[in-house]
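# A closer look at the structure
As a plain string of letters, each chain reads:
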Amino acid sequence: MALKAAGDLHNEKRARILSIIDKIRELGVSESVSLPQLVVVGDQSSGKSSLLEGLTGLSFPVASDLCTRFATQIVLRRTPAGEAGAKITIIPGPAAQTNQDLEKKLKGFEKVLGEDQFGSDEFGKVFDEAAAVMGIPGPSTTELENIDKRFSDDILKIELSGPGHNHLSVVDVPGLFHNPTKYQTEEDKAIIRGLIESYITDKRTIILAVMDARNNLANQGVFSMARAADPVGKRTVGIITKCDAVEEGDEAGVIRIAKNQVERLTHGWFAVKNRSTKDIEAGVTIEGRHRREIEFFSGNAPWTQLPKDRVGIRPLKKFLGGLLYDHIRSEFPNVVKDIGQSLSEAEGDLNLLGPSRQTTIDQRRFMNRLVSSYQMEVDNALGGNYDPELNDESPLKLRMHVQNLNDEFALTITIKGHEKVFHKPSGGEDSEYMKLGSSRSGGEDIYAWIRRVYRASRGTELPGTVNPRILERLFRQQSSPWQELASTHVLKVRDAVRAFNNKLLHTIVRDEEVRERLAGHLKRVEEATMSTVDTEFARVLGDERQGILQTVNHYYADTLANIRDERVRARLRGMGLEDETRKAVNVGDVMKRIHLSNEDQAVYDIHDCLKAYYKVALKRFADNIVIQIVERYILGQNGPVRALNADMVNELDEGELLEIAGESFVTASMRNDLAGKVQRFQEALAIAKQAGA
């Protein structure tokens, strides 16, 4: 069911809220904040300009071969007769807001016309002057070749005051055309389509879709665009023009559309009759146009079938005034909320960018604030004090990732760190050191390997004794995978730190150039750290694998004693003697049965000593990698994760400080742009709050 127009549109409250929205739009915040508005769209030659003429009383300049190249906002205000007139200004678009000189130039454009200067010639001149300020072709332009800028995102604002106006504001966008010409290229067509879409896809836009009654609805491109933007027709008002030009016999189809029986719209349809070219040539005035329109719809069948409040410019104008007011009133709380949110975002971005950095003092102050934020985040990350919003994959959970990598390293080096799988005294391979059920270097059993090395290493030692060098040689071979496994772990930790730094810099450093310079500094620190790590890593690895085998850890002796004890018990069990056996035994027989050859005894002793020492050395080596390498160097005070600190800033000379923290033209422009946004949003919020005053 169509929305009913509100009663009296001219009361003070309605005038004030419409004025507030117009003032907010003048501030140029519509790029970030969607504002309630009525937007007139239609194909070229659909009668859109004549419709606007009827709504406003203005005679718009018409260039049949040249499309309008900017949007126009028309604001109507009811004022006493003595205050009638027109004021034309330009609202700078998003592109101009990044150029202070251009924005100032556009805001400086203002033309004031008296009530007797509303003719098309006067407005044509104003349009040309405004287009020149925008840097685009105007209605009088005939040469369009080699033009750098063909369209503008600036808005031409026309404010009309007088006793004959209702309070109303509408935006007119260029008409859609289908066949490119010398003056309207295929590129122009795409730009206009994009401009129309940018307006009608805005959920706070009421679409005034203009239809030429002579053309089939399906052939009018704007309606297909409106249908795509507003599928159920909640935001669309249909307006049928050129009803008097419909061929006899075709009226019934148009009447059905006007009655909302074909393209069903929530706000329904209106039908109007505008001045024809013949009427204009005959000197028919705007008032004459209104009289002829009333006569047409009240005295010509079948148009008399249409409801009186759905035909003619005056019912349409009244309806749109009420519709816009109700629309603004329903959307206004969300508009205020969006302005506040945009202000917070702009202030946040400006704070991240920091104050101006033109002087050395400014630059050092900027760097100190930055490293303070950086170090606080590092402390939180290494202390496990994470933001609850972070997911488990976030690089900023640095301590969690490092701890997980340490656990993974400990497990990996336990199951993959040995060349041969150790045996249990009771027989079979030790599951603690199993690697997919087999030894690393192939099928040779660890006992066979030890026996081979033992035989190949015989020297002057007595039979049954072991050359001390054999254990060192076997241990170096048994621990040979340590270097690769530990090196891989160190590189994974380095990568976690690198990901942390990259993410943190993107979080706290808005300026891309400063971020890149700081990333370069961190990279140099990382390279220096990794060079030191390589040296320390070689030392830690060498201490374990190149020197003599040593430990004072009682764990070695305890482990060896347990292994030997288990080995004796295993032999006794092999004789059928359990631990709790009470039967008498022949000690001599027992000793004969558990006695081993000198070589076997040596092989088992070597295995058990190697196993006991390997366990101690493995734990020590893994701990040293974590503590001596990861914690001391990579995560330590001089490592890449803590490289941005107060000492680093204080040691920078003026040249180095300028190189890192110096402000580029782009950054200065960005700061000015953000400062301008903050100011506009603050002013918009102050204006919006007037509505509740």
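Here the structure is shown first, and the text comes after it.
In what follows, the accompanying structure is described. (Residues numbered from 1 in each chain as written. Predicted model: local features only at pLDDT ≥ 70, side-chain atom pairs only at ≥ 80, totals over all residues. Heavy atoms only, no water.)

## Let's talk about the pairing of strand β8 (residues 236-241)
- Within β8, 6 of the 6 residues are buried, leaving the element largely enclosed by the surrounding structure.
- Of the two faces of β8, the one lined by Thr 236, Gly 238 and Ile 240 and the one lined by Val 237, Ile 239 and Thr 241 are each fully buried.
- Relative to β8, strand β7 (residues 205-212) is paired through 6 bridges, and the arrangement is parallel. Of the residues in β8, the one forming a bridge with Met 211 is Ile 240.
- In this view, the connection linking β7 to its parallel neighbour β8 by way of helix α6 (residues 221-229) has right-handed handedness.
- Relative to strand β9 (residues 269-271), β8 is paired through 3 bridges, and the arrangement is parallel. Residue pairing in the sheet places Gly 238 in a bridge with Trp 269 of β9. (Buried < 20%, exposed > 50% of the residue type's maximum accessible area, 1.4 Å probe, protein only. Helix = DSSP H or I, 4+ residues; strand = E, 2+ residues; numbered from the N terminus. Pairing = 2+ DSSP bridges. Right-handed = clockwise from strand over helix to strand, strands pointing away.)

## Here's the deal with the nonpolar core
- Within the largest apolar cluster, 69 residues are counted, with the highest numbers of intra-cluster contacts made by Met 367, Leu 398, Trp 482, Leu 518, Ile 625 and Leu 635.
- Sorting elements by how many residues they give to this core places helix α19 (residues 598-634) first, with 14 residues.
- Contacts of Leu 398, omitting those with residues within four sequence positions, involve Ala 381, Leu 382, Tyr 386, Ala 496, Val 497, Phe 500, Leu 635 and Val 641.
- Formed by 65 residues, the second largest nonpolar core is a distinct cluster that contains Leu 51, Phe 60, Ile 74 and Ile 158. (Core = buried A, V, L, I, M, F, W, Y, C linked by side-chain atoms within 4.5 Å. Contact = heavy atoms within 4.5 Å.)

## Section: the side chain of Gln 37
- Relative to the assigned elements, Gln 37 resides in strand β1 (residues 37-42).
- In this structure the side chain of Gln 37 is engaged in a polar contact, spanning 3.4 Å, whose partner is the side chain of Arg 25.
- When neighbours within four sequence positions are excluded, Gln 37 is seen to be in contact with Arg 25, Val 171, Tyr 199, Asp 202, Arg 204, Thr 205, Ile 206, Leu 324 and His 327. (Polar contact = N/O pair within 3.5 Å; in protein donor to acceptor, adjacent residues only side chain to side chain.)

## Considerations on the pattern of salt bridges
- For the coordinates displayed, the defined rule picks out 33 salt bridges.
- Residue Asp 172 is joined to Lys 48 by a salt bridge in which the shortest nitrogen-to-oxygen separation is 2.6 Å. Taken together, the residues span a long stretch of sequence, with Asp 172 in strand β6 (residues 168-172) and Lys 48 in helix α2 (residues 48-56) at a distance of 124 residues.
- Its salt-bridge partner being Asp 379, residue Arg 642 comes within 3.1 Å of it at the nearest N-O pair. Taken together, the positions of Arg 642 in the loop between α19 and α20 (646-651) and Asp 379 in helix α11 (residues 360-383) put the pair 263 residues apart, joining distant regions of the chain.
- For Asp 379, a relative accessible area of 42% puts it in the partly exposed group.
- A cluster of three or more residues bridged by salt bridges with shared partners is formed by Asp 244, Lys 273, Asp 279 and Arg 292. (Salt bridge = Lys/Arg side-chain N within 4 Å of Asp/Glu carboxyl O.)

## Here we look at the environment of Arg 227
- By the element assignment, Arg 227 lies in helix α6.
- Along the backbone, Arg 227 and Ile 200 are 27 residues apart, and their C-alpha atoms lie at a distance of 9.9 Å.

## Structural notes on helix α9 (residues 286-299)
- Taking 1.5 Å as the rise per residue, α9 with 14 residues should run 20 Å; its terminal C-alpha atoms sit 20 Å apart, in good agreement.
- Considered for burial, the residues of α9 that qualify are Ile 286, Gly 288, Arg 289, His 290, Glu 293, Phe 296 and Phe 297.
- For α9, the elements touching its buried residues are α2, β9 and α10 (313-353). (Expected span 1.5 Å × (residues − 1).)

## Section: the packing of helix α16 (residues 512-545) against helix α21 (residues 654-661)
- Here α16 crosses α21 at 120 degrees, and the two axes come no closer than 7 Å. One way to sum up the angle between α16 and α21 is to call them oblique. Seen from α16, the contacting residues are Val 514, Arg 517 and Leu 518; seen from α21, they are Leu 658, Glu 659, Ile 660 and Ala 661.
- Here the residues of the contact of α16 with α21 are counted per class, giving 5 nonpolar, no polar and 2 charged. (Axes fitted to C-alpha atoms, helices over the stretch in contact; angles between N-to-C directions. Parallel < 35°, antiparallel > 145°, perpendicular 65-115°, else oblique. Nonpolar A, V, L, I, M, F, W, Y, C, P; charged D, E, K, R; others polar.)

## What to know about the sheet that holds β6
- Pairing in this open sheet of 9 strands is mixed, and the strands run β4-β3-β5-β2-β6-β1-β7-β8-β9 from one edge to the other. Two strands in the sheet have a free side with no partner beyond their single neighbour: β4 (110-113) and β9. Averaged over all pairs of adjacent strands, the angle between strand axes in this sheet comes to 20 degrees, irrespective of strand direction.
- As paired elements, strand β3 (residues 85-91) and strand β5 (residues 155-162) share 7 bridges and run antiparallel to each other. Note on β5: the bridge partner recorded for Ile 91 is Ile 155.
- Strands in contact with helix α7 (residues 251-258) are β7, β8 and β9; relative to β8, the strand with the most contacts, it is inclined by about 155 degrees.

## Some details on the packing of aromatic side chains
- This structure, assessed with the given rule, holds 13 aromatic pairs.
- Seen from their ring centres, Phe 223 and Trp 269 are 5.5 Å apart, and the 10 degrees between their planes marks the pair as stacked. With a gap of 46 residues between them, Phe 223 in helix α6 and Trp 269 in strand β9 connect regions that are remote in the sequence. The pair Phe 223 / Trp 269 is uniform in exposure class, with both members buried.
- Plain terms: the ring middles of Phe 475 and Trp 482 are 5.7 Å apart, the flat faces sit at 85 degrees to each other, and that makes the pair edge-to-face. (Phe/Tyr/Trp six-rings, centres within 6.5 Å; stacked < 30°, edge-to-face > 60°.)

It is worth stressing that arrangement in space is one thing and function is another; only the former is reported here.
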